[in-house]
Amino acid sequence: MTILESFTTSYGLVSKIDAFGFMDYLSKHPNENRKHGKVVLVTADTPLKASRGEGKTTTTIALVDALRKRGIDAAAVLRQPSMGITAAGSKGGASGGGKSSLVNPELIDWGLCGEMAAIASAQNLLVSFAEKAIDEGLLDTILVPRVSEVPSRSLRSIAVDFSKRTVPERVVLTPTCELMQIVVLSRSMDEISNRVSSMIAGTKDGNPVTFGSFVDLWRITNILSDAVKPVKTETVNGSPIYVHCGPFANVSLGIPSLISVEMACAEHDVVIVEAGYGADAGAQKWLDIAAREYGAQWPTAAVVVTRSTTWRDDPDLAWRYPFHVEHLESLHIPAFPLINLWEGEDDQISDLCSIAESLEFRNPLIGNLFRDGGDSLVNQLDDFVSVVESELPAVRILPKSHRGKSLLNRIESLCEESYGVPAERVIKKDGFEDSLATAQDLCNKAGIAFDDLVLVAVKSPATMTDDDRKPCDERTVTLKKVEVHSGAGLVQVNLTSSLTTPMPKIV
């Protein structure tokens, strides 16, 4: 039995891994035979439609299968999908498709591994504690929203008649809640307890009150005892896959838990990490939040996925894909374009290669991954494998923290670096300044250093700016509101036309 297997238990048709315990064991036994795998980030073009991804999960699965066929010990870490969107048919699924699929995909797609339900139960219990605190005179407002796995815009704001008060109550999707963010970022149950303790439950006479002042935290951590454990499953070809946390990079973090990636890196030579939506969302958050602020590994390389139609057939939006590739390359992250073909597009390969060459891309990876799986990539990976197996270049940019800088300064830097919009075209919507002042006041009263909170951009998944169709020198980004997630150590800023309650399509 391997060390990892001793921390693994059966959970129906999949397995659960005590990643906290495994990594703690390795930290106490430094001479154990462990690996130090390299992270490769799979990200994508900004999709034309929010409800249709470009194929990151399918690509991730195909890439792992292809690498293992070449004799490389590779694995992948995927995000746990949101059942309310996936099972309702708004997406094809979050477990790949065709020959690039997971076994028992319904266990992943329909939330049957339990993470989402446990996190929802825990955060909703916190809200119930806050309601009881109002009854006992400890609070007079509640700042933490309830959560639901089923999207419903009628739940965005509810008037609740409670203790002869009519107070607004919010409901957000489970993946976007603060407790999900805490699980994504934490590396131990003690850290989760401390972070939940630091969550601001609400206010009393205008002063913030944290959950740690009136809640027995074991009640919350016990609910999360299985939710903090990554799922281990495999592709239809037998390649190892870990699944944990983090969908919705537009309205939250959109990355797998840090502990799941670190665990995988201790077991494998190459770990493919899937990041949500486009490079302006999930990849930005892996680089700026996970790596720069929370010590996750800086990627050795990146694969930027697109559809041939997305890339070429809308001239007004054609700038976005090259922008993503060039941005990653500017950070000294070798970025490999991958064009995920649909049926009937094989005759476009020569033309696609010519366009990629004219844009001075690296040799693109092209294939119908749904139909052919990893087999279509095996013979195209020479350059990619060479980069991944090479020593890191001396000029490689290492992540540096942005903490301590003003929030506005960080927002302006983000807009310029990740969206191509300079500071002079960052617009403050009416009410933004008031929202910012309220957030700063809340932190000051709670003894929280506001400028040390990590910036999370909440944005539209289908656009990088207010209007991506405008000429480059006319594009803007509008700042809407600010929200503090003190337990997670984050400050969220809503940008452009952010959609925080996506709805399923009719199926």
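- Per an unreviewed UniProt entry, the protein carries the name formate--tetrahydrofolate ligase and comes from Gardnerella vaginalis.
- Per UniProt, the protein has the following entry under Pathway (unreviewed entry): "One-carbon metabolism; tetrahydrofolate interconversion."

**Details of the pattern of salt bridges**
Right, on to step 1. One pass over the full model with this rule turns up 26 salt bridges.
Right, on to step 2. Here Glu115 and Lys16 are joined by a salt bridge, their closest N and O atoms 2.9 Å apart. Within this pair, whereas Glu115 is found in helix α6 (residues 115-135), its partner Lys16 is found in strand β2 (residues 14-17), the two being separated by 99 residues in sequence. Of the two residues, Glu115 and Lys16, neither departs from the other in class, the shared state being buried.
Right, on to step 3. Its salt-bridge partner being Asp372, residue Arg371 comes within 2.9 Å of it at the nearest N-O pair.
Right, on to step 4. Here the salt bridges do not stand alone but share partners, grouping Lys35, Arg68, Asp73 and Asp269 into one network.

**Quick word on helix α17 (residues 407-419)**
Right, on to step 1. Helix length check: α17 (13 residues) gives 17 Å between terminal C-alpha atoms against 18 Å at 1.5 Å per residue, within 8%.
Right, on to step 2. Those residues of α17 that sit buried are Leu407, Arg410, Ile411, Leu414, Cys415, Ser418 and Tyr419. Looking down the long axis of α17, one finds its buried residues gathered within 135° of arc, a one-sided arrangement.

**Observations concerning the sheet that holds strand β21 (residues 454-458)**
Right, on to step 1. Strands sit in the order β20-β22-β23-β21 across an open sheet of four strands; the sheet is mixed. Two strands close off the open sheet at either side, each with one partner strand: β20 (426-428) and β21. Sheet twist, expressed as the mean angle between neighbouring strand axes with direction ignored, is 40°.
Right, on to step 2. Where β21 meets strand β23 (residues 490-495), five bridges bridge the pair, whose relative direction is parallel. Along β23, the bridge assignment pairs Ala457 with Val493.
Right, on to step 3. Lying on the sheet, helix α11 (residues 279-294) is in contact with β21 and β23; it crosses β21 at an angle near 165°.
Right, on to step 4. Sheet contacts for α17: β20, β21, β22 (477-485) and β23; angle to β21, the most-contacted strand, approximately 55°.

The rules behind the values
Residues numbered from 1 in each chain as written. Predicted model: local features only at pLDDT ≥ 70, side-chain atom pairs only at ≥ 80, totals over all residues. Heavy atoms only, no water. UniProt positions renumbered as here; feature names shortened; annotations may be inferred. Salt bridge = Lys/Arg side-chain N within 4 Å of Asp/Glu carboxyl O. Helix = DSSP H or I, 4+ residues; strand = E, 2+ residues; numbered from the N terminus. Buried < 20%, exposed > 50% of the residue type's maximum accessible area, 1.4 Å probe, protein only. Expected span 1.5 Å × (residues − 1). Arc of directions from axis to C-beta. Pairing = 2+ DSSP bridges. Axes fitted to C-alpha atoms, helices over the stretch in contact; angles between N-to-C directions. Contact = heavy atoms within 4.5 Å.

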